[in-house]
Structure formats: C-alpha cells, structure tokens
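# Structural characterization, general
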Amino acid sequence: LELPFELPGFAASIFGEGAPNLRISGSERITIGGTSNWRSPVVLSEGRRRSLFPTLEMRQELNVRLNGTIGDKLHIDINQNSEASTSLENQIKIYYQGYDDDVIQRVDLGNTNLTLPRSTYVSVSTRQEGLFGVKMTGRLASWDFAIVASKQEGQSDVASFAGGSQETR
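The notes below deal with the structure included here.

Conventions we followed
- Every chain begins its residue count from 1, and numbering advances along the sequence as written.
- Whole-chain, interface and lining totals are the exception, using all residues; otherwise, since this is a predicted model, local features are given only for residues with pLDDT of at least 70 and side-chain atom pairs are given and counted only at 80 or more.
- With hydrogens and water set aside, each side-chain value is computed from the structure's full complement of heavy atoms.
- Two rings from Phe, Tyr or Trp (for Trp, the six-membered ring) form a pair when their centres sit within 6.5 Å of each other. Planes less than 30 degrees apart are called stacked, planes more than 60 degrees apart edge-to-face, and all others tilted.
- Distance and angle both matter: a charge sits over a ring if NZ of Lys or CZ of Arg is within 6 Å of the ring centre and within 35 degrees of the ring normal.
- Each salt bridge in this description consists of a side-chain nitrogen of Lys or Arg and a carboxyl oxygen of Asp or Glu lying within 4 Å of one another.
- Only DSSP runs of H or I covering at least 4 residues are called helices, and only runs of E covering at least 2 are called strands; the numbering of each starts at the N terminus.
- The buried label goes to any residue with under 20% of its type's maximum accessible area, the exposed label to any with over 50%, and the partly exposed label to all in between, with areas taken from a 1.4 Å probe on protein chains only.
- A 3.5 Å cut-off defines polar contacts: any pair of N or O atoms within that distance qualifies, except that in protein one atom must be a possible hydrogen donor and the other a possible acceptor, and neighbouring residues in sequence count only when both atoms are side-chain atoms.
- By definition, residues are in contact when any of their heavy atoms lie within 4.5 Å.
- What makes a patch is a set of residues exposed beyond 30% relative accessible area and free of salt bridges, joined within 9 Å when like-charged and within 5 Å when nonpolar (Val, Leu, Ile, Met, Phe, Trp, Tyr).
- Note on areas: Shrake-Rupley with a 1.4 Å probe; residue coverage comes only from the protein chains shown.

Bringing the packing of aromatic side chains into the picture now. To describe a pair of aromatic rings, one takes the distance between the centres and the angle between the planes. Across all of its chains, the model carries zero aromatic pairs by this definition. When the ring centre of Tyr 99 is taken as origin, the NZ or CZ atom of Lys 73, which lies over that ring, is 4.2 Å away. When the ring centre of Tyr 95 is taken as origin, the NZ or CZ atom of Arg 106, which lies over that ring, is 3.8 Å away.

Another aspect to go through is the pattern of salt bridges. Following the criterion strictly, the structure yields six salt bridges and no others. A salt bridge links Lys 73 to Asp 102; its shortest N-O distance comes to 3.2 Å. Here Lys 73 is found in the loop between β2 (55-70) and β3 (74-81), whereas its partner Asp 102 is found in the loop between β4 (91-97) and β5 (104-116), with 29 residues between them in sequence. Residue class for Lys 73 comes out buried when judged on its relative accessible area of 4%.

This part covers the side chain of Gln 105. Its location among the elements puts Gln 105 in strand β5. Polar contacts involving the side chain of Gln 105 include one to the main-chain carbonyl oxygen of Asp 102, which spans 2.5 Å. In this structure Gln 105 touches Tyr 96, Gln 97, Gly 98, Tyr 99, Asp 100, Thr 137, Gly 138 and Arg 139, once residues within four positions along its chain are discounted.

A contiguous nonpolar surface patch, about 590 Å² in accessible area, is contributed by Ile 30, Ile 32, Phe 53, Leu 56 and Met 58. Elements represented by at least two residues in the nonpolar patch include exactly β1 (21-35) and β2. Among the secondary structure elements, Ile 30 is positioned in strand β1. Judged by relative accessible area, Ile 30 falls into the partly exposed class, the value being 48%.

Our focus in this paragraph is the environment of Gly 133. As for its position among the elements, Gly 133 is in strand β6 (residues 126-140). Once the C-alpha coordinates of Gly 133 and Lys 151 are considered, the two residues, 18 residues apart in sequence, prove to be 6.4 Å apart. If we ignore the near neighbours within four places in the chain, the residues touching Gly 133 are Asp 108, Leu 109, Gly 110, Thr 112, Ala 149 and Ser 150.

This paragraph deals with the side chain of Asn 90. With respect to the secondary-structure elements, Asn 90 resides in the loop between β3 and β4. Looking at Asn 90, the relative accessible area reads 16%, which means it is buried. Only 2.7 Å separates the side chain of Asn 90 from the backbone nitrogen of Asn 81, close enough to count as a polar contact. What Asn 90 contacts, discounting residues up to four positions off in sequence, is Asn 79, Gln 80, Asn 81, Ala 84 and Asn 111.

Rendered as structure tokens:
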C-alpha cells in the first residue's frame with residue numbers, strides 16, 4: 001500500500017522524508033465441523049432429553065504480516081500467528097532510526113534486546129534476548145546512552161522421555 005502523498009512538514013521533521021509505504025499480507029482460515037452420535041430408534045430416558053443436533057466446533061487460524069516504512073525514519077515489522085506456541089514467536093518490531101546528527105539515534109518498540117559492551121564497569125560483554133518493551137539509544141556530544149524499559153518473555157521447551165532413557169542438556 002503506497003500512499004500517494006508526502007508527509008506534511010511537521011510529520012516529515014519527525015519521521016523523515018518520503019511517502020508512507022506499508023505492505024500487508026496474511027491469511028485466515030475458519031473451520032466449522034460437528035458430530036452427532038445416536039442409534040435408531042432414539043430412546044429417551046425419563047427426565048432427560050437427548051438432542052439429535054450435532055455438537056459444533058469452530059476453529060480460527062490467523063496469520064498476518066505488516067511491514068514497511070513511514071518516512072525514512074520509522075520502520076514497522078509485525079508478524080502475528082494465532083498458531084504460535086509462545087508469544088516470542090509473534091514479532092512486533094517498530095523502530096525509529098534517526099539521522100547521524102540526531103540526539104536520538106534509535107528507538108525500538110516491541111521485541112527488543114539489551115547489549116552491554118565490555119567496559120570499565122562491566123567485565124564481559126553480554127546480550128539479553130527475549131525482551132518486550134522500549135529501548136532508546138542516543139548520542140549527546142561525546143556521550144552515548146541507552147534507556148531500556150521492558151519485561152522478559154518466557155521461553156518454552158519440550159522434552160520427552162521413554163523407558164529408562166535420560167536426556168541431558
């Protein structure tokens with residue numbers, strides 16, 4: 001979906017130059033089924049009525065992907081699948097990428113991470129994945145800064161055992 005207009009002056013100063021360009025794709029599947037078990041002739045016991053109408057079941061599967069840009073600074077990448085086994089499989093990544101001379105260099109919304117480089121105060125470099133929230137990095141004069149507000153999502157794991165076997169990790 002390419003919108004046939006440029007962003008107005010105020011919005012262009014925030015989101016950058018260029019027209020919004022968004023791509024959306026996906027699918028939805030709805031399944032309805034039913035079962036009814038009975039024998040002829042139907043015998044109704046006293047006080048209980050048995051319906052011959054089938055028991056219905058409905059199942060929905062939705063898979064949607066939205067990605068693109070608004071201006072040349074705001075990027076969107078969203079992938080949602082109703083069949084995902086954990087929330088980590090569904091991705092929401094919206095980020096703002098500033099120009100080289102901007103104070104705010106990048107703002108990440110949604111699925112993000114935290115990287116701490118090795119420094120005087122941190123003896124080893126570390127990276128934390130599976131965070132959901134807001135992360136902002138920037139530069140003010142010769143100072144680099146990062147601000148993170150997030151929560152850590154859990155990860156699922158599956159193990160199977162049979163007989164006397166043992167699984168180690």
